[in-house]
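As a plain string of letters, each chain reads:
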Amino acid sequence: METTTSTSNGIISPTLQLHTTNIPDENPLAAMELPLPSFLSLKRHCFGNSAPGEFFLASCPSIVLHLLTTCDLSPRDLANLEATCSFFRKPANFSPDLQLSISEVAALDICQKKAVFERMGEEDRQDIKRKCGGSWKLVLRFLLAGELGCRREKSQALAGPGHSIAVTSKGVVYSFGSNTSGQLGQGTVEDTWQPRPIRSLTGIRIIQAAVGADRTMLISDAGEVYAFGKDCFSQPGLEEDQETKLITTPQRVKSLTEIFVVQAAIGYHFTAVLSREGRVYTLSWGKDERLGHGTDRNCVLPHPLLGALENIPVVQIAAGFCYLLALACQPTGMSVYSVGCGLGGKLGHGSQTSEKQPRLIEEFSVLKMEPVMISAGTWHAAAVGRDGRVCTWGWGRFGCLGHGTGESELAPKVVEGLKDVKAVHVATGDYTTFVVSDDGQVYSFGSGEFANLGQQGDEDEDESTLTPKLVSSLKEMKERVVHVSLTNSISWGGHTFAMTESGTVYAFGTGDRGQLGVELGDSLTERAEPAKVVGIDLS
C-alpha cells in the first residue's frame, strides 16, 4: 500500500493505492483507489497544544459533542479533556451560549437529561450554576452526587421498620409488609406479604422514597412529596398521648408544595427534605434549636437549616434517630455537616456535644478523604470516600463500627478491616452496617440479632460481628450487588435487602409481617438465607 495522488477536474487529492498479490484478477477488489476522508490531514495529529498539529475531529464538532454526551463521561473526565487539549476548552459556537467550550456544552446537555434539572427555569439554572462554582461540569457533579447517595431516578428497594417499598426505574412503586397505619398506601390497614403496586399513583413517576416507623414518603419527578401512614404533617400541637390520624393512600404534603423536593429522610422525631437547589428543610422537631431553627417540636411547616449550609448546596441527606447528616458539594470538593443530638459521638466532632446548627465534620480533612456518600444509622454513622475507604463513627455497640470492639468513636475512623476493599456503597441501621465493594461483594458487621447480617452458616447467626465479614451467601448468588438497604429503627426487628445489577432483590432477616416479600409461616419469624423477592421487576 502506498500514497499517490489522483486528478479530477484539475483538483489533486491524496489517495490510497491497495496492491494485492494473492487475489485472482477477476476479483474487482484486486486493485482499487480509495479517496482519503476529508478530515484526514497530511499534518501530524496531536492532542495537545504542540504545533504543527490539530485535533483530528476538529472539523466535526457535532460528532465530538455526541460522543461526549453518550459515552458516560464524568465531570472529571470532561475537565481532563479541557486540561489536555485546547480544542476542548475554546469556544465551541454551540447554542445556547456560543462562548461555552465543547466540554461545558456536553456537561449542560447531560444535565438537561436529568428530571431534577430539566424542569428548572433559566434563572434557577444560573443560580445553581453560581452556587456550584460557575461551571456546568460542577453542576453535573452536583446532580450525579445526589443520584449516587439515594439512587434518585434509579430502581431501589427499601427495608423499612416492618414494611418494604420498592421503586422501579420507571417510577412505579410496590409495597408489602406491615400496614397497621396504612404505610403501604394501598387504601387499607391490612398486612400483605405480596408486593403490590400502589394503583393510586398511576401516571405519577416516583424517583425517590423514604421509609420510617409507620409511614412512607415518596418524591415525584415533578418535585412533589406524597406521604401515607401516620400523619405527621397536618396535626400541629399534637400531644404524645393523642392518637395520630392515619392516611392509607398517598396524599400530597401541602406544606411542601412551594419546594421542589428531590430527597426525603425520616428520623424518629423529625423529617428532613432536600430541594433541587441543594437547600435542606426540616419539620416536626425543632425544640431547643436542635435542627437549626427555633420552632416548636410539632411544627409541620418546613424551615430551612440556618448557619453554615445556608449558601452551600447539599446533594444528600441522611437521618438517624435524633440527628441529621448532610453531604455538601463545593468547588473544592465534598464535605459532611451534622446537626442534632451528639450523644455517643454520632455527630463526628470529637465530642458528645449536641449541635444546634449544622457543623462541618473536620476529621475528613485530617484523613485526606473526600466523602462521596453518607449513611446515618440509628446511633452510628458511616461515609464512603472517593478513594473507596470507609469511615464509621458514633455508638459502637455490637461492633457496628467494624473496628473490632464495641467502643464508640467520637470522630470518623477508617475501617481497617476493609483496607483491601474499594467500597462504593454503605448502609447503616440499628447497630448494623453493610458495605458494597466495586466488584459487587457485600460485607457486614454489627448486631446479628435478627439474622439480618446475612451470615448464614455461622454457629450462632444472632452473634455480633466486630469486624467486616464477607456475606458469602450473597456471593453464592453469582450476581453483582449494587445496593443494600436495612431497617433503621429501634422498635422493629431488622430485615435487609440486597439489590443486584440485574434488578433482582434478595431479602433476609425478620419477616413475620411479610416484609421479606414471602409468607414465612406461623412458626417462623425470620430467615437467615437470602432469597429472591418475586413479583417485582427492578431491572
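Residues numbered from 1 in each chain as written. Predicted model: local features only at pLDDT ≥ 70, side-chain atom pairs only at ≥ 80, totals over all residues. Heavy atoms only, no water.

The protein has the name Ultraviolet-B receptor UVR8 isoform X1 in an unreviewed UniProt entry, where Raphanus sativus is given as its organism.

With that settled, the discussion passes to the pattern of salt bridges. Counted by the stated rule, this structure contains 17 salt bridges. Taking the shortest distance from any N to any O, the salt bridge between Lys-137 and Glu-104 comes out at 2.8 Å. In this pair, Lys-137 is assigned in helix H6 (residues 136-150) and Glu-104 in helix H3 (residues 102-111), connecting sequence segments 33 residues apart. Glu-153 is paired through a salt bridge with Arg-205; the nearest N and O atoms lie 4.0 Å apart. Of this pair, Glu-153 sits in the loop between H6 and strand S4 (156-159) while Arg-205 sits in the loop between strand S7 (192-197) and strand S8 (206-212); the two residues are 52 residues apart in sequence, bridging distant segments of the chain. The class for Arg-205 is partly exposed, based on a relative accessible area of 26%. Salt bridges sharing partners connect three or more residues here, namely Glu-82, Glu-104 and Lys-137. (Salt bridge = Lys/Arg side-chain N within 4 Å of Asp/Glu carboxyl O. Helix = DSSP H or I, 4+ residues; strand = E, 2+ residues; numbered from the N terminus. Buried < 20%, exposed > 50% of the residue type's maximum accessible area, 1.4 Å probe, protein only.)

Below, the discussion takes up H6. For H6, built from 15 residues, the straight-helix expectation of 21 Å at 1.5 Å per residue is met to within 8% by its first-to-last C-alpha distance of 22 Å. Burial analysis of H6 places 12 of its 15 residues in the buried class, which makes it a mostly covered element. For H6, the complete set of buried residues consists of Trp-136, Lys-137, Val-139, Leu-140, Arg-141, Phe-142, Leu-143, Ala-145, Gly-146, Glu-147, Gly-149 and Cys-150. With a side-chain oxygen positioned 3.0 Å from the backbone nitrogen of Lys-137, the residue opening H6 is Ser-135. A positive backbone phi angle near 55° is found at Arg-151, which sits one or two residues after H6. (Expected span 1.5 Å × (residues − 1). Polar contact = N/O pair within 3.5 Å; in protein donor to acceptor, adjacent residues only side chain to side chain.)

Bringing the environment of Gly-134 into the picture now. Position of Gly-134 relative to the elements: it lies in the loop between helix H5 (122-132) and H6. The exposure class of Gly-134 is partly exposed, given its relative accessible area of 46%. A C-alpha to C-alpha distance of 8.9 Å links Gly-134 and Pro-331, two positions 197 residues apart in sequence.

Moving on, we come to the sheet that holds strand S11 (residues 246-252). A sheet is described by the order of its strands in space; here four strands give the open sequence S8-S9-S10-S11, paired in antiparallel fashion. This sheet does not close on itself; its edge strands, each paired only once, are S8 and S11. Direction aside, the axes of adjacent strands within the sheet are offset by 10° on average. (Pairing = 2+ DSSP bridges. Axes fitted to C-alpha atoms, helices over the stretch in contact; angles between N-to-C directions.)

This brings us to the pairing of S8. Counted residue by residue, S8 has seven buried out of seven residues, so it is predominantly covered. Here six bridges tie S8 to strand S9 (residues 215-220), and the two strands are oriented antiparallel to one another. From the neighbouring strand, Ala-210 faces S9, where its bridge partner is Met-217. Taking the residues that link successive antiparallel strands as the turn, the S8-S9 hairpin has two residues, and the phi of Asp-214 there is positive, at about 65°.

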